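Each chain, letter by letter, is given below.
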Amino acid sequence: LPVIRAQSSPDYVPDSKFYKVEAILRPWRVSQVSSALLKIGIRGVTVSDVRGFGAQGGSTERHGGSEFTEDNFVAKVKMEIVVSKDQVEAVVDKIIEAAKTGEIGDGKIFVVPVSDVIRIRTGERGERAEKMTGGWSDQSSAAA
Ligand code: ATP
Ligand code: GLN
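Residues numbered from 1 in each chain as written. Chains lettered and ligands numbered in written order. Predicted model: local features only at pLDDT ≥ 70, side-chain atom pairs only at ≥ 80, totals over all residues. Heavy atoms only, no water.

Next up on the list: the site of ligand 2. Taken together, 13 residues form the shell around ligand 2, and within it Arg43, Val82, Gln87, Glu130 and Ser137 come nearest. Within the backbone of Val82, an N or O atom sits 2.9 Å from a nitrogen atom of ligand 2. In the complex, the protein chains occlude 98% of the 300 Å² of accessible area that ligand 2 would expose alone. Broken down by secondary-structure element, the contributors of at least two residues to the shell around ligand 2 are strand E3 (74-84) and helix H4 (136-143). Top element by residues in the shell around ligand 2 is E3. It accounts for three residues. Classifying every residue of the shell around ligand 2 by side-chain character gives six nonpolar, four polar and three charged. (Near = heavy atom within 4 Å. Polar contact = N/O pair within 3.5 Å; in protein donor to acceptor, adjacent residues only side chain to side chain. Areas by Shrake-Rupley, 256 points an atom, 1.4 Å probe, with all protein chains shown as cover. Helix = DSSP H or I, 4+ residues; strand = E, 2+ residues; numbered from the N terminus. Nonpolar A, V, L, I, M, F, W, Y, C, P; charged D, E, K, R; others polar.)

Put into structure tokens, the structure is as follows:
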């Protein structure tokens, strides 16, 4: 008999308690994405300015905000969000909803298993470290 798992991610994704959702986005869509995530209780987000090329090649952003660079890399923003397994699909859906224009260069999302989370201030690990005060799980337990 197949093992039935309460898992929102597909089978080819290694099973993990936590995942990092790493999204490469158009810089001018970042505020839209972060406010969408805030609305569902995502509190922990890291962003970096990056440059890259994909199918879009090195062609310049048509919507402005980023300059055509010497080496043809296009300015993008990388957003990294570590969440518990049950939150992955909603986070991915929200990012797509807020970031998609339908044009080449909308970006990509990578889902990466995360082995552990450690809160430096307290030394907490795992679930205790990953949960954010006032975050998704706090909000849903308050609603319950
Ligand atoms: P503390 O309660 O000690 O403040 P914290 O869990 O709220 O701990 P911070 O110290 O506020 O964590 O986080 C520092 C930085 O770590 C944040 O600015 C953010 O860049 C990053 N970060 C925290 N949690 C996450 C997460 N779940 N996913 C991605 N980045 C995170
Ligand atoms: N999983 C955390 C919580 O439920 C939120 C994680 C995050 O904000 N990145 O509190």
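Resuming the write-up.
This part is about the site of ligand 1. Around ligand 1, the neighbouring residues are Gly44, Val45, Thr46, Glu80, Ile81, Val82, Arg119, Arg121 and Met132. At a separation of 3.3 Å, a nitrogen atom of ligand 1 approaches a polar backbone atom of Gly44. A distance of 2.6 Å separates an oxygen atom of ligand 1 from a polar side-chain atom of Arg121. When the free accessible area of ligand 1 is taken as 610 Å², the share hidden by the protein chains comes to 52%.

Looking now at the packing of aromatic side chains. All told, the structure shown has one aromatic pair when counted by the stated rule. Measuring from centroid to centroid gives 5.2 Å for Phe53 and Phe73, while their planes differ by 45 degrees, and the two rings are tilted. Here the residue Phe53 occupies a position in the loop between strand E2 (46-52) and E3, and Phe73 occupies one in the loop between E2 and E3, the gap between them amounting to 20 residues. We classify Phe73 as partly exposed; its relative accessible area is 27%. (Phe/Tyr/Trp six-rings, centres within 6.5 Å; stacked < 30°, edge-to-face > 60°. Buried < 20%, exposed > 50% of the residue type's maximum accessible area, 1.4 Å probe, protein only.)

Running from amino to carboxyl end, helix H1 (residues 30-39) crosses helix H2 (residues 88-99) at an angle of 145 degrees, the nearest separation of the two axes being 8 Å. The two elements H1 and H2 meet at a crossing, and its hand is right-handed. Here Gln32, Val33, Ala36 and Leu37 of H1 lie close against H2, whose contacting residues are Val91, Lys94, Ile95, Ala98 and Ala99. (Axes fitted to C-alpha atoms, helices over the stretch in contact; angles between N-to-C directions. Left-handed = near helix turned anticlockwise from the far one by under 90°. Contact = heavy atoms within 4.5 Å.)

Pairing within the open sheet is antiparallel, and its four strands lie in the order E2-E3-E1-E4. Each edge of the open sheet carries a strand with a single partner, namely E2 and strand E4 (108-114). Pairwise comparison of adjacent strand axes, ignoring direction, gives a mean angle of 25 degrees for this sheet. As defined by bridge partners, strand E1 (residues 18-25) adjoins E4 across seven bridges and the pair is classed as antiparallel. Note that in E4 the partner of Phe18 across the bridge is Val114. Set on the sheet, H1 makes contact with E1 and E3; between it and E3 the angle comes to about 10 degrees. This element, H2, spans E1, E3 and E4 of the sheet and lies at about 10 degrees to E1. (Pairing = 2+ DSSP bridges.)

Within the largest apolar cluster, 21 residues are counted, with the highest numbers of intra-cluster contacts made by Leu25, Val33, Leu37, Ile81, Val91 and Ile95. Elements with a contribution of two residues or more to this core: E1, H1, E3 and H2. The element contributing the most residues to this core is H2, with six residues. (Core = buried A, V, L, I, M, F, W, Y, C linked by side-chain atoms within 4.5 Å.)

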